[in-house]
Amino acid sequence: MESYRILPPNCAFRKVLQLVVMRPQEFFAAVRLFANWSICVIWWNAVREHPPLRALYSPKMPTHLDNEQSLLAAAQAGDSDAFVTLLNQYSRHIYRLGVSITGNHHDAEDVLQEASLKAYTALAEFRGNSRFYTWLVRIAVNVALGKLRKRALWKESSLDEPRESEDGTYIPLEIESWGEDPEEACLKSDLQQVLSEVIQKLDPKSRTIFTLRDVEKFSIEETAKLLSLSIPAVKTRLLRSRLKLREELTKYFGKDARNAMPTSHR
Amino acid sequence: MRCRQVIDKISDYLDGELDPELVRELERHLEHCEDCRIVVDTTHKTVEIFYHTEPAALPEDVRGRLNQMFTQKFRKEEPR
């Protein structure tokens, strides 16, 4: 037990070993405290240096119901009330997705109804390999894309008259900071109206990608999978959608619009 | 890094998917380019504002028709 005595009296390692042997509880409590503190410091530095990472730490996908698993089991066993409870949790998200993709409320309602019905019919096939919500979104996206394909809109590849340079780089025109916090600058309902309007300025494919990634919070990989697109294709559209929407929102929230490309960007 | 490269990398930067070396280059550029700083900041705000906005409640008439559809479906299934 006291083999540390073979080390020289002034050796720091001996003092540490002595502490472990003589006061093990205090020693390990201090180690735990130090480890926790280090994790906090590393995490905070990562978040502080890369502010966008904060978003990753605030999961915003529609919340699970506490009893989702038991509701699912009951619904799969034929309990229709359990299915309706599950559906009610996500129906407004599916409806918003439908509005974003199809561009109108009438089709969005069709998407919600058809997707809900398909989900109900196929519920026995749901194996729980993904969240129920992801599964429901997959069904809704397929229904909504079917509607776009019927209207021959899905293949439309234009990117809403992008202002691109010869090498394909997007050139921002509206360069002005935003005056105040947009979420405080207008009423919640007005803000939803503004967001709903500007998103319709994207072409159908771009707004579908943007909605899945930035509104419904799917990862880029999940978005690509849901739409059977390649990851680079999703990333390119996402970048342009974000820039386009930034410009549109700048018209609402910006101040001192200069409306001109500064020479440094040419 | 030039302004155009910054614009090309905004998405990866905001998603935290940019190589650390490129992050340092991009941030060095932002230190002395106000225009790019504004574009990055307002793009970030754009993503955040959509990200944090909850969907409006389902319109009452839409909810009513959805419930009606299922009520009829369940009623038809009952005799089975």
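Residues numbered from 1 in each chain as written. Chains lettered and ligands numbered in written order. Predicted model: local features only at pLDDT ≥ 70, side-chain atom pairs only at ≥ 80, totals over all residues. Heavy atoms only, no water.

Draft legend 1. Up close: the packing of helix H5 (residues 80-102) of chain A against helix H10 (residues 204-215) of chain A. Residues and elements named next belong to chain A. For the pair H5 and H10, interaxial distance at closest approach is 8 Å and the crossing angle is 150°. The angle between H5 and H10 places the two elements in the roughly antiparallel class. Crossing angle aside, the handedness with which H5 passes H10 is right-handed. From H5, Arg96, Leu97, Ser100, Ile101 and Thr102 reach across to H10, where they touch Arg207, Thr208, Thr211, Leu212 and Val215. Taken together, the residues of the contact of H5 with H10 break down into four nonpolar, four polar and two charged. (Axes fitted to C-alpha atoms, helices over the stretch in contact; angles between N-to-C directions. Helix = DSSP H or I, 4+ residues; strand = E, 2+ residues; numbered from the N terminus. Parallel < 35°, antiparallel > 145°, perpendicular 65-115°, else oblique. Left-handed = near helix turned anticlockwise from the far one by under 90°. Contact = heavy atoms within 4.5 Å. Nonpolar A, V, L, I, M, F, W, Y, C, P; charged D, E, K, R; others polar.)

Draft legend 2. How the structure looks around the confidence of the model for chain B. All names here are of chain B. Predicted confidence across chain B gives a mean pLDDT of 88, with 96% of residues reaching 70 or more. Put simply, helix H4 (residues 60-77) is where chain B has its lowest mean pLDDT, 88, and helix H2 (residues 20-32) is where it has its highest, 92. Confidence estimates for the predicted assembly give a pTM of 0.71 and an ipTM of 0.88. (pLDDT = per-residue confidence, 0-100.)

Draft legend 3. Summary view of the pattern of salt bridges. For the coordinates displayed, the defined rule picks out 18 salt bridges over all chains. In this structure, Lys235(A) engages Asp12(B) in a salt bridge whose closest nitrogen and oxygen atoms are separated by 3.6 Å. Of this pair, Lys235(A) sits in helix H12 (residues 231-253) while Asp12(B) sits in helix H1 (residues 3-14), which puts the two residues in different chains. By relative accessible area, Lys235(A) is classed as partly exposed at 27%. Linking Glu247(A) and Arg246(A) is a salt bridge whose minimum nitrogen-to-oxygen distance equals 3.5 Å. Exposure class is identical for Glu247(A) and Arg246(A). Each is buried. Among the ionic contacts, a cluster of salt bridges with common partners joins Lys201(A), Lys244(A), Glu248(A) and Lys251(A). (Salt bridge = Lys/Arg side-chain N within 4 Å of Asp/Glu carboxyl O. Buried < 20%, exposed > 50% of the residue type's maximum accessible area, 1.4 Å probe, protein only.)

Draft legend 4. Main features of a nonpolar patch on the surface. All names here are of chain A. A contiguous nonpolar surface patch, about 340 Å² in accessible area, is contributed by Phe34, Trp37 and Val41. Looking at the secondary structure, you find Trp37 in helix H2 (residues 24-49). Residue classification places Trp37 among the exposed positions, given a relative accessible area of 55%. (Patch = residues over 30% accessible without salt bridge, like charges linked within 9 Å, V, L, I, M, F, W, Y side chains within 5 Å. Areas by Shrake-Rupley, 256 points an atom, 1.4 Å probe, with all protein chains shown as cover.)

Draft legend 5. Spatial organisation of the state of the cysteines. All names here are of chain B. According to the stated counting rule, one finds zero disulfides over all chains in the structure shown. With no disulfide partner, Cys3 has as its closest neighbouring cysteine sulfur the one in Cys36, 3.7 Å distant. The cysteine Cys33 is free of any disulfide, with Cys36 supplying the nearest cysteine sulfur at 3.6 Å. Cys33 sits in the buried class, given a relative accessible area of 9%. (Disulfide = S-S within 2.5 Å.)

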